[in-house]
Amino acid sequence: MSNISKLLNLAKNPARLKSLLSFNEKGYLDTVGWFNAFDSQAPVDYNNRPIPWVTYSFIDFIKDRLRPEHAVFEFGSGNSTLFYAQRTGIVVSVEHDQEWYEKINKTKPDNAEIIFCELQTDGDYCRMPTKLGEAFDIIIVDGRDRVNCCKQAVGALTPNGVIVLDDSERPDYKEGVNFLLQQGFRQIPFSGISPGLFYYKSTTVFYKSDNCLGI
């Protein structure tokens, strides 16, 4: 169906059209700050505070479970780095884009570290958390080479650590999902929309018993 046909069909249903036009004045999209994110093309909430570019359902789940004693590692950096740094003890992010790295590194908080690493499939990028020789409570896989990042993340977790894979519904990441399940992790997918975007996606938490998020 063409966009014109969709608009004509919408015009035939005044109640639906009225509801859609009110979304920027009330309702869920306004409450979560979706319009702010759409206008700025950046993940922010209703008050324009930084949030991760993941599903809103995941943000609702994790924001009150993060603790100052948590150490977080991110594949990828940005507003998510600021979000996690405000709520945890330390955030370490690896970034493959030089220009983006320089931008984020200038504004990072004191408890965040951004590491630049050139991207090579199954190279140093995916191995960065293990190369650091540290253990992390939460590892966020939201950058490039995600299947290999999932595989390498397991070796850098604390005993009660969790792994978070964004866009976990994508067929390209199925191998990574299966690997984590084979390692004994259980999964909870948080599905829905994300800041400024309006298509279905999932952000999945992989966890074991006695995990740091109290699942």
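- In the annotation of an unreviewed UniProt entry, the chain is listed under the name Class I SAM-dependent methyltransferase and assigned to Mucilaginibacter robiniae.

What about the overall build of the chain?
In step 1: Of the regular secondary structure elements, the chain holds 10 helices and 7 strands.
In step 2: For a compact globule of 215 residues, the expected C-alpha radius of gyration is about 17 Å, and the chain comes in at 19 Å, within 12% of that figure.
In step 3: With the principal axes as the frame, the chain shows a C-alpha extent of 60 × 40 × 35 Å.
In step 4: Here the chain, with 215 residues, has 46% of them falling under the buried criterion.
In step 5: Counted over contacts in the chain with a minimum sequence separation of 6, partners at least 24 positions apart contribute 51%.
In step 6: Seen as two clouds, the 23 positive and the 27 negative side-chain charges of the chain have centres 8 Å apart.

Quick notes on the packing of aromatic side chains
Aromatic ring pairs are defined here through the distance separating the ring centres and the angle between the ring planes.
In step 1: The full count for this structure, using the stated rule, is 12 aromatic pairs.
In step 2: Both rings, one in Trp34 and one in Phe38, keep their centres 5.3 Å apart while their planes meet at 15°; by these two values the pair is stacked. A residue pair is termed a helical-turn pair when its members lie 3 or 4 positions apart in one helix, as Trp34 and Phe38 do in helix H4 (residues 34–40) at 4 residues.
In step 3: Judged by its relative accessible area of 42%, Phe38 falls in the partly exposed class.
In step 4: Three or more aromatic residues link up through ring pairs in this structure, and these residues are Trp34, Phe35, Phe38 and Phe198.
In step 5: Over the ring of Phe185 we find Lys208, and its NZ or CZ is 4.6 Å from the ring centre.

Observations regarding the pattern of salt bridges
In step 1: With the rule as written, the count across this model stands at 10 salt bridges.
In step 2: Notably, a salt bridge pairs Glu175 with Lys151, separated by 2.7 Å at the nearest N-O pair. Of the two residues, Glu175 is situated in helix H10 (residues 174–182) and Lys151 in helix H9 (residues 146–153); the sequence distance between them amounts to 24 residues.
In step 3: Residue class for Glu175 comes out partly exposed when judged on its relative accessible area of 46%.
In step 4: A salt bridge links Lys201 to Asp167; the nearest nitrogen and oxygen atoms lie 3.1 Å apart. Of the two residues, Lys201 sits in strand E7 (residues 201–207) while Asp167 sits in the loop between strand E5 (157–166) and H10, which places them 34 residues apart along the sequence. The pair formed by Lys201 and Asp167 is uniform in burial state, with each residue classed as buried.
In step 5: Look at the salt bridges and you will find they share partners, linking Asp142, Arg146, Asp166, Asp167, Arg170 and Lys201 into a network.

Quick word on the environment of Asp39
In step 1: Note that Asp39 resides in helix H4.
In step 2: Its relative accessible area of 62% is what places Asp39 among the exposed residues.
In step 3: For the pair formed by Asp39 and Gln120, sequence separation is 81 residues and the distance between their alpha carbons is 33 Å.

Reading the values: the criteria
Residues numbered from 1 in each chain as written. Predicted model: local features only at pLDDT ≥ 70, side-chain atom pairs only at ≥ 80, totals over all residues. Heavy atoms only, no water. Helix = DSSP H or I, 4+ residues; strand = E, 2+ residues; numbered from the N terminus. Rg over C-alpha atoms; globule rule 2.2 N^0.38 Å. Buried < 20%, exposed > 50% of the residue type's maximum accessible area, 1.4 Å probe, protein only. Contact = heavy atoms within 4.5 Å. Lys, Arg positive; Asp, Glu negative; His and termini not counted. Charge placed at Lys NZ, Arg CZ, Asp CG, Glu CD. Phe/Tyr/Trp six-rings, centres within 6.5 Å; stacked < 30°, edge-to-face > 60°. Lys NZ or Arg CZ within 6 Å of the ring centre and 35° of its normal. Salt bridge = Lys/Arg side-chain N within 4 Å of Asp/Glu carboxyl O.

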